[in-house]
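# Commentary on secondary and tertiary structure
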Amino acid sequence: MKKSAFLFMTFFFVLIHFITQAQDTQWKPIARGQSANGHWLVEQHRDTALTQRVFFYTKDNLLLYKEEVRGIKINVNRDRTIKRLNELLAKVAGEWQNTHAVASRQLVLDHFN
């Protein structure tokens, strides 16, 4: 009886471990940038290179805006792209300071098209 209870508990904890790990491994961070307004982070989906998420944060790590971008690849190795992301961060931080909300949607997609 003790052996079966031990095996059940072991199986249960291993299962929980794999479930929680699977959720974290779908996205990988590919770039981070900082400016005077805060910082941004770009993550790429592991299976599809054309699906990325962009996060904008304040200096205090408060999430200001998050967007999932599909169909275009944000080339974070280009200076122009980094400049655009910093411009978007300034825009989002300005909106946040004025209204404590970001009204627009698809900011990143609109800015890069």
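Structure's up top.
The structure reproduced in this document is the subject of the present report. (Residues numbered from 1 in each chain as written. Predicted model: local features only at pLDDT ≥ 70, side-chain atom pairs only at ≥ 80, totals over all residues. Heavy atoms only, no water.)

What follows covers the pairing of strand β2 (residues 38–45). Each regular strand shows side chains that alternate between the opposite faces of the sheet. Across the eight residues that make up β2, a large majority, eight, are buried. Both faces of β2 are covered, namely the face carrying Gly 38, Trp 40, Val 42 and Gln 44 and the face carrying His 39, Leu 41, Glu 43 and His 45. Where strand β1 (residues 27–35) lies against β2, eight bridges are found, and the strand directions are antiparallel. Bridging across to β2, Trp 27 finds its partner in His 45. Taking the residues between adjacent antiparallel strands as the criterion, β1 and β2 are bridged by two residues. Across six bridges, β2 lies against strand β3 (residues 51–57) in antiparallel orientation. (Buried < 20%, exposed > 50% of the residue type's maximum accessible area, 1.4 Å probe, protein only. Helix = DSSP H or I, 4+ residues; strand = E, 2+ residues; numbered from the N terminus. Pairing = 2+ DSSP bridges.)

Turning to unusual backbone geometry, a few remarks are in order. Peptide bonds are, in most cases, trans, and in most cases residues other than glycine have a negative phi. Located in the positive-phi region is Asn 61, a residue other than glycine, with phi close to 65 degrees. Position of Asn 61 relative to the elements: it lies in the loop between β3 and β4 (63–70). Given a relative accessible area of 52%, Asn 61 falls into the exposed group.

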